[in-house]
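# Survey of secondary and tertiary structure
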Amino acid sequence: MATVDTSKVISAGNKLEASLIDATTQEERDAVIYKYIDKIANSQDKVYVPDFKSGLEWLNTTQPLSLHNELRGKIVILDFFTYCCINCMHVLPDLEAIEEQYSVEDGVVVVGVHSAKFPNEKLSANILSAVLRYDISHAVVNDPEAILWQALQIQCWPTFVVVSPEGEVLLTLVGEGNREKLMDFIRIAVDCYKAKGALSGHSVPISPIKDSLPPTPLSFPGKISLDSSGDNLIISDSGHHQILITSKEGVVKECIGSSSGGFNDGNFEEARFHSPQGVVYHEDCIYVADTDNHAIRKIDLNNREVTTLVGTGVIGNDKEGGAIGKLQPISSPWDLVLGSSPGSDHIDILYIAMAGTHQIWVYFMDDANWLKGSHYKKGSCIRFAGSGNEENRNNSYPHKASFAQPSGLSMATEEKLNCLFVADSESSSIRTVFLKDGATRAVVGGAMDPMDLFAFGDVDGKGLDAKLQHPLAVAWNKHDEKLYVADSYNHKIKVVDPFLKTCTTLVGSGQAGLKDGCEPESIEFNEPSGLCLSPDGKLLYISDTNNNHIRTLDLETKQVNQLHIVMPVQPSETEVDASGSKKKKRLTPASTPVTRQDTVYVCPLSTIEVELDIELSADLALTPGAPTGWQLLLESDSASLLVPESQRVRGKINKLNQQPKIKLEVPELLSGSETSIKLECMLYFCEKTGNCHIRGVIFELPISIGEKTDDKAPCLEVKLHQEITLAQEQK
């Protein structure tokens, strides 16, 4: 494809920008744009956009598009992007605003032209994941060799090229922060070409892929962490815009937020997040990096309330900070870690990987002293390290150092380290920031030249010889003094020795996929982006983002397993007993079926025996690790009858071929009572698609406990064989 000389158009665009700056009213701005478009339309030196190369793969369309055919008669906005680029993410709301205002029938079409930086980004399957993750609805073409990029002499991501209905270049806009200019330009362009009769209202075969995909329990999970007990996992379910709290077995205990993204404080049902990432637990609260809301949020677990600590809900460009709380604008916070200010004996600092401004910031949870004797009030949020330039520059002075989209943080508090580890994704390096003075140092990856952000690869080695590809997460293990790294675009988990500055592959074949096992070189991930360690340092939890899974890695055996996420149990409503007191029922799923039988008569001290026979259809299986189980008890509706806790037995079922025979003795103290034998089963099971569920089943048998009399049936030993059968269509 021949190179097109766009220099005159770019020069004209620069003059347009200067003229718009001088315009003081909207009318003057409109007049400047009208004049500019008229001049371009009547120019003798028109620059036409070459058509897309044939054979390219298209997403969100039912067929390839052509500027000469399907897009003829449309004002087309070409968005040159690569999905790792934070600035490319920042302009997506600008494109959404255009699409909300103008439909295809209005004559405006957005086309994303994916021009990859990293080799991993050249694969259409990975671009598809990004399209789904970022909720992109417009057409996207994968141009893996950047042919159109080169033909139009594009220089950086993101770049917008506005194309006329006849296919000529109207305007080029570089970088983020151009929404107002773009909106004004498109509005005037629509008026101009509509008046000329050049706009066409024909349809274009755009079909968002997200509309045809089945739901999954998780959608592109981001960061993960554990609470202080180590018993509960906290997951940023980023694609669903929610925060989940699960047991170690994956059973969801809390779901905070709604699957429809937004920016609302309030209770767990009212609150809204937008593509949250970093999560960290402290004193019955969860702190959240609410990335696309450009905010830090706090989840109070006791009051069940979400509040905003920092951020306005819109992107900021401040690179210094210093304002209090919600007055301080920030940009794409990506990860969080807790720490202590100098001289403090408690947690009072929240460190923030501020990916949008390529910096590390701090939020003061209390009044605190800081570096060089400075003091900050509670709620202040300031820059800690990083100039704001996108570079891989280390320096003893924190404000002279530079990062390139820092996306993962972990803290080492050992005396010989006492630092933050940073996954600096766009420089493909792991770096440290020392807490005592903010000095930054290289650990592994990257290049000697701080401006070189293309020093990536997949090479085990030492220092600069080691090569990573867009790492997104780090986890420091104080037990073995090793740093674990999610080498995201290499689809691997690597281990770094920060003292020797070595980096080696721990598990992962290097190919995107989903494969468990204990053979490190055959295990497959797909862009893992979150890590956390169990309290004993033996188990690594992995957010396997593009697979929509959480995985576990046993660091001793190298065994990798999937953690099945199970839908939450809903509590039954409160019931009132005979004395008028309220009491909570046991947790059972809503609409639990109850099977009842006719009353039978049993003798005191007799044995109740129940044999379970649970069967699942071929397309279902018990959820590994989840607490599928049962309990058998005697229960009465009479407030005067006290059934002792001892008169219930419980157990778990790990395998369907090892089901129990359950025995319970009828106590003599219940002689003459009317009560019930109740068998409750809680079944955790998964479909082959990966969707997991809970089903509660209750069987109840009324009994009368007493001696044999002439007017009653014989007193019996009770033996029951209870079958439970589940098939997928019963969900």
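Residues numbered from 1 in each chain as written. Predicted model: local features only at pLDDT ≥ 70, side-chain atom pairs only at ≥ 80, totals over all residues. Heavy atoms only, no water.

## Notes on the overall build of the protein chain
Summing up its helical and strand segments, the protein chain has seven helices and 47 strands in all. Relative to its 731 residues, the protein chain shows a buried fraction of 56%. In the protein chain, of all internal contacts separated by at least 6 residues, the share reaching a separation of at least 24 is 59%. Accessible area for the protein chain stands at about 31,200 Å²; split by element, carbon and sulfur atoms hold 48% of it. (Helix = DSSP H or I, 4+ residues; strand = E, 2+ residues; numbered from the N terminus. Buried < 20%, exposed > 50% of the residue type's maximum accessible area, 1.4 Å probe, protein only. Contact = heavy atoms within 4.5 Å. Areas by Shrake-Rupley, 256 points an atom, 1.4 Å probe, with all protein chains shown as cover.)

## Description of the packing of helix α1 (residues 7-22) against helix α2 (residues 26-41)
A pair of packed helices is characterised by two quantities: the angle between their axes and the separation of those axes. One can describe the packing of α1 onto α2 by two numbers: an axis separation of 10 Å at closest approach and a directional angle of 165°. Considering the angle they form, α1 stands roughly antiparallel to α2. For the pair α1 and α2, the sense of crossing is right-handed. Across the interface between the two elements, Val9, Ala12, Gly13, Leu16, Ser19 and Leu20 of α1 pack against Arg29, Val32, Ile33 and Tyr36 of α2. (Axes fitted to C-alpha atoms, helices over the stretch in contact; angles between N-to-C directions. Parallel < 35°, antiparallel > 145°, perpendicular 65-115°, else oblique. Left-handed = near helix turned anticlockwise from the far one by under 90°.)

## Notes on the packing of aromatic side chains
This model, assessed by the stated rule, comprises 13 aromatic pairs. Ring centres of Phe364 and Tyr376 lie 5.0 Å apart, and the angle between their planes is 10°; this geometry places the pair in the stacked category. Of this pair, Phe364 sits in strand β19 (residues 359-364) while Tyr376 is found in strand β21 (residues 375-376), placing the two residues twelve residues apart along the sequence. Relative accessible area serves as the criterion here: at 0%, Phe364 is assigned to the buried category. Ring plane angle 65° and centroid distance 5.3 Å describe the contact between Trp370 and Phe384, whose orientation is recorded as edge-to-face. Here the residue Trp370 occupies a position in the loop between β20 (368-369) and β21, and Phe384 occupies one in strand β22 (residues 380-385), the gap between them amounting to 14 residues. Here Trp370 matches Phe384 in class, with each residue buried. (Phe/Tyr/Trp six-rings, centres within 6.5 Å; stacked < 30°, edge-to-face > 60°.)

## With respect to the nonpolar core
Ranked by internal contacts, the top residues of the largest apolar core, which has 78 residues, are Phe52, Leu78, Val111, Ile186 and Tyr193. Per-element tally for this core: the top contributor is helix α7 (residues 179-195), with eight residues. Apart from residues no more than four positions distant in its own chain, Leu78 is found in contact with Val49, Phe52, Val111, Val113, Leu148, Thr159, Phe160, Val161 and Val163. Formed by 24 residues, the second largest nonpolar core is a distinct cluster that contains Ile608, Ile653, Val697 and Phe699. (Core = buried A, V, L, I, M, F, W, Y, C linked by side-chain atoms within 4.5 Å.)

## Structural notes on the pairing of β22
Each regular strand displays side chains that alternate between the two surfaces of the sheet. The buried fraction of β22 amounts to six of the six residues, a majority that puts the element mostly inside the structure. One ladder, built from four bridges, connects β19 with β22; its direction is antiparallel. Residue pairing in the sheet places Trp361 in a bridge with Arg383 of β22. (Pairing = 2+ DSSP bridges.)

## Observations concerning the environment of Ala125
Note that Ala125 resides in helix α5 (residues 124-133). A sequence separation of 387 residues divides Ala125 from Ala512, and the C-alpha atoms of the two residues are 9.5 Å apart.

## Considerations on the sheet that holds strand β7 (residues 224-226)
If you walk across this open sheet you meet the four strands as β7-β8-β9-β10, and the pairing is antiparallel. Where the open sheet ends on each side, the last strands, each with one partner, are β7 and β10 (252-256). Strand-to-strand twist across the sheet, computed as the mean angle between neighbouring axes with direction ignored, equals 20°. Judged from the six bridges that link them, strand β8 (residues 232-237) and strand β9 (residues 242-247) form a sheet pairing that is antiparallel. Bridge pairing in β9 places Ile235 opposite Leu244.

## Let's talk about helix α4 (residues 92-101)
Inspection of α4 places Leu92, Asp94, Leu95, Ala97 and Ile98 among the buried residues, and these make up the whole buried set. Taken together, the buried residues of α4 touch β2 (75-81), α3 (86-90), β3 (108-114), β5 (159-163) and α7.

## Concerning the confidence of the model for the protein chain
Overall, the prediction assigns the protein chain a mean pLDDT of 87, with 87% of residues at 70 or greater. The low-confidence segment residues 569-596 (pLDDT under 50) makes 49 contacts with residues lying over four places distant or belonging to another chain. Below pLDDT 50 for its whole length, residues 637-645 participates in twelve contacts with residues either more than four positions away or in separate chains. (pLDDT = per-residue confidence, 0-100.)

## Overview of unusual backbone geometry
For the bond running from Trp157 to Pro158, omega is -15°, close enough to zero to count as cis. Of note in this structure, Ala146 is not a glycine but carries a positive phi near 55°. The topology assignment puts Ala146 in the loop between β4 (139-142) and α6 (147-151). What makes Ala146 buried here is its relative accessible area of 12%.

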